Amino acid sequence: MLLYNSQVSGNCYKVRLLLAHLGLDYERREMDVIDRSDRADTLGDLNPALRVPTLVLDDGRPLAESNAIMWFLGEGTPYVPDDRFERAQVLQWLFFEQYSHEPHIAVVRFWVAVAHAPPSPEALEAKRRDGYTALDAMERHLATGRFLVGERYTIADIALYAYTHVAHEGGFGIPRHPSLARAGGSSAAPRAHQRLSHQPPSRGGSAISPHRIGQG
Ligand SMILES: N[C@@H](CCC(=O)N[C@@H](CS)C(=O)NCC(=O)O)C(=O)O
């Protein structure tokens, strides 16, 4: 498999984290998220949105959208439940992530920590407010259990972990979110992974070598 990747992207991190959990080998091709001039040439036939992550399977079929890629890779493994209702609950959180979480928390982080160019203080403030609304929703839910769905770590936890564990890079603090902080540690810590900010050697192959949370 070939992953079109950006090392600073939480959406790509979701896919890399699941690939690492599953022990799957893959090649990686790095894309720039600021200079996007080569997107059409590189991804034109692979992803209608010209974005990363894009995964190309060994048979040549391309798949886009981080959460769709995780669903595909996770199907038939413990990371996607078998139970019909729990599968729908996983989708519930994946849609929440894409509509209510990522567009605010990831965008603020991108403006502040990647592009270093927030459009205006007012825009930043409005996005931060919406980001906190998403964190508050997760906090309410995680006060009732360690995982987002059922009693087990699923791709829903991976999807929400990706940008939550780097939310502070966009200026978010989570002191008022104790359950969220606890879930971030307890659900992710037993899993071998690196934090998003970890920079692997710049070669193909598995992007994430096994380290516990807190060491990355
Ligand atoms: N909904 C998509 C979002 C993908 C996305 O926004 N990718 C960003 C990097 S995080 C990107 O490619 N940005 C450059 C661009 O929009 O051209 C997903 O979950 O995969």
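Just so we're clear, the structure is a prediction, and the values are computed from it rather than from any experiment.

Undergrad: So what's going on with unusual backbone geometry? Residues and values would help.
TA: Of note, the amide linkage connecting V52 to P53 takes the cis form, showing an omega dihedral of 5 degrees. Structurally, the position occupied by P53 is in the loop between α2 (39-43) and β3 (54-56). Phi at L50 is positive, roughly 55 degrees, even though this residue is not glycine. For L50, a count of 17 C-beta atoms within 10 Å translates into the label partly exposed.

Undergrad: Explain the nonpolar core to me, and be specific about the residues and the numbers.
TA: The biggest cluster of nonpolar side chains holds 44 residues, and the ones touching the most others in it are L18, M70, I155, A156 and A159. At the level of secondary structure, the elements contributing two or more residues to this core comprise β1 (2-5), α1 (10-22), α3 (66-74), α4 (84-114), α5 (121-142), α6 (155-164) and α7 (178-188). Among the elements that make up this core, the one with the highest residue count is α6 (eight residues). When we break this core down by domain, the ones giving at least three residues each are domain 1 (2-77 + 194-208) and domain 2 (84-186). Apart from the residues within four sequence positions on either side, I155 is in contact with L18, M70, W71, G74, Y79, V80 and V90.

Undergrad: Provide a residue-level description of the packing of α4 against α5, including the pertinent values.
TA: For the pair α4 and α5, interaxial distance at closest approach is 8 Å and the crossing angle is 135 degrees. As far as their axial angle goes, α5 and α4 are oblique. Considering how the two elements wind past one another, α4 and α5 form a crossing that is left-handed. Contacts from S100, H101, H104, I105, V107, V108 and W111 in α4 reach L124, K127, R128, D130, G131, A134 and A137 in α5. Of the residues belonging to the contact of α4 with α5, the class tally is seven nonpolar, four polar and three charged.

Calculation notes
Residues numbered from 1 in each chain as written. Predicted model: local features only at pLDDT ≥ 70, side-chain atom pairs only at ≥ 80, totals over all residues. Helix = DSSP H or I, 4+ residues; strand = E, 2+ residues; numbered from the N terminus. Buried ≥ 20, exposed ≤ 12 C-beta atoms within 10 Å, placed from the backbone. Core = buried A, V, L, I, M, F, W, Y, C linked by C-beta atoms within 7 Å. Domains from an automatic or database assignment. Contact = placed C-beta atoms within 7 Å. Axes fitted to C-alpha atoms, helices over the stretch in contact; angles between N-to-C directions. Parallel < 35°, antiparallel > 145°, perpendicular 65-115°, else oblique. Left-handed = near helix turned anticlockwise from the far one by under 90°. Nonpolar A, V, L, I, M, F, W, Y, C, P; charged D, E, K, R; others polar.

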